[in-house]
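# Architecture and fold: a report
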Amino acid sequence: MADLSRYLPLSRRPDVDESGVTADRRAETSEVLRSLAALLRTADGSLWTTQTERNGWRVADVAADLVRGFDRTRTRRALDAAERLVRGGEARRLDELRPLDGAAAAADALDARAAHLLSRDRPTGVVELDDAVVATLLVGGAAGTVVPLSPRASGAVALRRAAAAPTEIRAVIAGHTLRATDAGWEFGHGSTLVDTAHGLLRFLTGIGTVAPHRPGDGEPTSTQAGHD
């Protein structure tokens, strides 16, 4: 099974020629945006107003936040992160979001964004990929489906989240290797904890409360973690 950290900038492996390693996530981010657009375009019309697992946020709000805030500056992201702490997980004030004209318009905007990312010269970092993945987890959860993510997309976001996990999540994963049973990647050190890539991402982002478990154990345990 591949150790994903070999292919990412946070690798702890011995020094080697890393000229082929890149932090550019344009391809992965575009793929996730298109997958989310496809879900919005084909889902039942009621999905647009369905509540997500982010407290007080509907699918419409999550989509608007992604479309309007995708290229936020570092300063804006820092302010949003501080606001999350104050508001207990809400990323931005809902009354500050300009609504989109329905799921079809959101899908068109996401497809256009995906095409723009691939055509521009400026790279896309893992932060923007993280935004897209979190939105996909929230909307997919509201739709009762798992939106497929490539191993490189799921692994990059999982590694980023694990590296900066809050205390309650770090208490579970510290001293362990995390392994995605269906995506061919793992990272970390120590005894192994497993789940699907989707399950690991839900836990590491704070959207879900089911912690990864040791191989061969029974049902995973649940722990409380704040939502992103």
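Let me sum up the structure you'll find in this document. (Residues numbered from 1 in each chain as written. Predicted model: local features only at pLDDT ≥ 70, side-chain atom pairs only at ≥ 80, totals over all residues. Heavy atoms only, no water.)

With that settled, the discussion passes to the packing of aromatic side chains. Here the structure, examined in full by the defined rule, presents one aromatic pair. Here Arg-54 stacks its cationic end above the ring of Trp-57, 5.1 Å away from the centre of that ring. (Phe/Tyr/Trp six-rings, centres within 6.5 Å; stacked < 30°, edge-to-face > 60°. Lys NZ or Arg CZ within 6 Å of the ring centre and 35° of its normal.)

Summed over the entire model, instances satisfying the criterion amount to 10 salt bridges. In this structure, Glu-28 and Arg-152 form a salt bridge, with 3.2 Å as the shortest nitrogen-oxygen distance. Taken together, the residues span a long stretch of sequence, with Glu-28 in helix H1 (residues 26-42) and Arg-152 in helix H6 (residues 151-163) at a distance of 124 residues. The salt bridge involving Arg-41 is made with Asp-111; its shortest N-O contact spans 2.9 Å. In this pair, Arg-41 is assigned in helix H1 and Asp-111 in helix H4 (residues 103-119), connecting sequence segments 70 residues apart. (Salt bridge = Lys/Arg side-chain N within 4 Å of Asp/Glu carboxyl O. Helix = DSSP H or I, 4+ residues; strand = E, 2+ residues; numbered from the N terminus.)

Turning next to the environment of Ala-165. Counting through the fold element by element, Ala-165 comes out in the loop between H6 and helix H7 (167-173). Considering only alpha carbons, one finds Ala-165 and Thr-205, 40 residues apart in sequence, at a separation of 8.3 Å. For Ala-165, the residues in contact, after removing those within four places along its chain, are Arg-170 and Ile-173. (Contact = heavy atoms within 4.5 Å.)

Turning our attention to the packing of helix H2 (residues 59-69) against helix H5 (residues 126-143). H5 packs onto H2 with a crossing angle of 165 degrees between their chain directions and a minimal axis gap of 10 Å. It follows that H2 is roughly antiparallel to H5 by the angle criterion. For the pair H2 and H5, the sense of crossing is left-handed. Of the residues in H5, those touching H2 at Val-59, Val-62 and Leu-66 are Asp-131, Ala-132, Ala-135, Leu-138, Val-139 and Ala-142. Per-class residue counts for the contact of H2 with H5 are eight nonpolar, no polar and one charged. (Axes fitted to C-alpha atoms, helices over the stretch in contact; angles between N-to-C directions. Parallel < 35°, antiparallel > 145°, perpendicular 65-115°, else oblique. Left-handed = near helix turned anticlockwise from the far one by under 90°. Nonpolar A, V, L, I, M, F, W, Y, C, P; charged D, E, K, R; others polar.)

With that settled, the discussion passes to the nonpolar core. Membership of the largest hydrophobic core comes to 55 residues, with the highest contact counts inside it found for Leu-40, Trp-48, Leu-110, Val-139, Ile-173, Trp-185 and Leu-204. Tallying contributions element by element places H5 first for this core, with eight residues. Excluding its chain neighbours within four sequence positions, the residues that come into contact with Leu-40 are Trp-48, Val-59, Ala-103, Ala-106, Ala-107, Leu-110 and Val-139. (Core = buried A, V, L, I, M, F, W, Y, C linked by side-chain atoms within 4.5 Å. Buried < 20%, exposed > 50% of the residue type's maximum accessible area, 1.4 Å probe, protein only.)

Taking burial as the measure, the five residues of strand E4 (residues 191-195) include four buried ones, the bulk of the element. Bridge count between strand E2 (residues 176-180) and E4: five bridges; the pairing is parallel. Following the sheet pairing, Ala-180 is matched in E4 by Asp-195. (Pairing = 2+ DSSP bridges.)

Looking at the secondary structure, you find Ala-142 in helix H5. Taking the C-alpha atoms as reference, Ala-142 lies 7.4 Å from Glu-53; in sequence the two are 89 residues apart. With sequence-adjacent residues up to four places away left out, Ala-142 is seen in contact with Leu-47, Thr-50, Gln-51, Thr-52 and Val-59.

When you tally the buried positions in E2, you get four out of five residues, the bulk of the element. The pairing of E2 with strand E3 (residues 185-188) spans three bridges and is antiparallel. Paired with Arg-179 across the strands is Glu-186, a residue of E3. Count of turn residues in the E2/E3 antiparallel hairpin: four residues, of which Gly-184 carries a positive phi of about 75 degrees.

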